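Chain and residue survey
Residues per chain are reported as follows:
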Amino acid sequence: RMLELLCNEAGFLVEGKIQKLLDPLPPDEQNLLKIDSILKVLGVEGAADVEKLLSYFLADADTHELIHPNDAIKAIKAFV
């Protein structure tokens, strides 16, 4: 779910030329490629980096409740 939130709220990190290439693809493929592009821009390279990023997106670590979508940009800024 964090990756879905990231895809929805950080789409601005996807370069325009990549976005144009994604347009003809089915939505599921678009989302996978967007997520990949966003993770690369953020410097996420492995499972440890994904776990670190996730820690910024958790409102409650015990219940694994995610932050509100309006706070996604703040989480991204804190991560980088």
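Structure's up top.
My aim in this report is to walk through the structure given alongside it, one point at a time. Note that the coordinates shown come from a computational prediction; the quantities given were computed from them, not determined experimentally. (Residues numbered from 1 in each chain as written. Predicted model: local features only at pLDDT ≥ 70, side-chain atom pairs only at ≥ 80, totals over all residues. Heavy atoms only, no water.)

1. Points about the environment of histidine 64
The condition that has to hold: A run of H or I in DSSP counts as a helix once it spans at least four residues, and a run of E counts as a strand once it spans at least two, with each numbered from the N terminus.
Looking at the secondary structure, you find histidine 64 in the loop between strand E1 (58–60) and strand E2 (65–66). Sequence separation of histidine 64 and leucine 54 is ten residues, and the distance between their C-alpha atoms is 9.5 Å.

2. A short note on the packing of aromatic side chains
The criterion, for reference: Centre distance within 6.5 Å is the pairing criterion for rings of Phe, Tyr and Trp, where only the six-membered ring of Trp is used; planes under 30 degrees apart are then read as stacked, over 60 as edge-to-face, and the remainder as tilted. Burial here depends on accessible area, computed with a 1.4 Å probe over protein chains only, as a share of the maximum for the residue type. Under 20% is buried, over 50% is exposed, and the range in between is partly exposed.
Using the criterion set out here, one finds one aromatic pair in the structure. Ring geometry for tyrosine 56 against phenylalanine 79: centres 5.9 Å apart, planes inclined by 80 degrees, an arrangement best described as edge-to-face. Placement of tyrosine 56 in helix H4 (residues 47–57) and of phenylalanine 79 in helix H5 (residues 72–79) is noted, with a sequence separation of 23 residues between them. A relative accessible area of 31% means that tyrosine 56 is categorised as partly exposed.

3. Focus on H5
Note the cut-off: The arc in question is the one traced by the directions running from the helix axis out to the C-beta atoms. By definition, residues are in contact when any of their heavy atoms lie within 4.5 Å.
Regarding H5, the residues found buried are Ala72, Ala75, Ile76 and Phe79. Looking down the long axis of H5, one finds its buried residues gathered within 100 degrees of arc, a one-sided arrangement. Looking at H5, the residues exposed on the side facing more than 90 degrees away from the buried face are Lys74 and Lys77. On its buried face, H5 is in contact with helix H1 (2–9) and H4.

4. Quick word on the side chain of lysine 34
To be explicit about the condition: When charges are counted, Lys and Arg contribute as positive and Asp and Glu as negative, whereas His and the chain ends are disregarded. What makes a salt bridge here is a side-chain nitrogen of Lys or Arg within 4 Å of a carboxyl oxygen of Asp or Glu, nothing more.
You can see lysine 34 is positioned in helix H3 (residues 27–41). Look at lysine 34: it is buried, it has no salt bridge, and the nearest opposite charge is aspartate 23 at 7.3 Å. Among all residues touching lysine 34, those that are not within four sequence positions of it are Cys7, Val14, Gln19 and Leu22.

5. Some details on the side chain of serine 37
Along the chain, the position of serine 37 falls in helix H3. With a relative accessible area of 11%, serine 37 lands in the buried category. If sequence neighbours within four positions are ignored, serine 37 has contacts with Val14 and Ile18.

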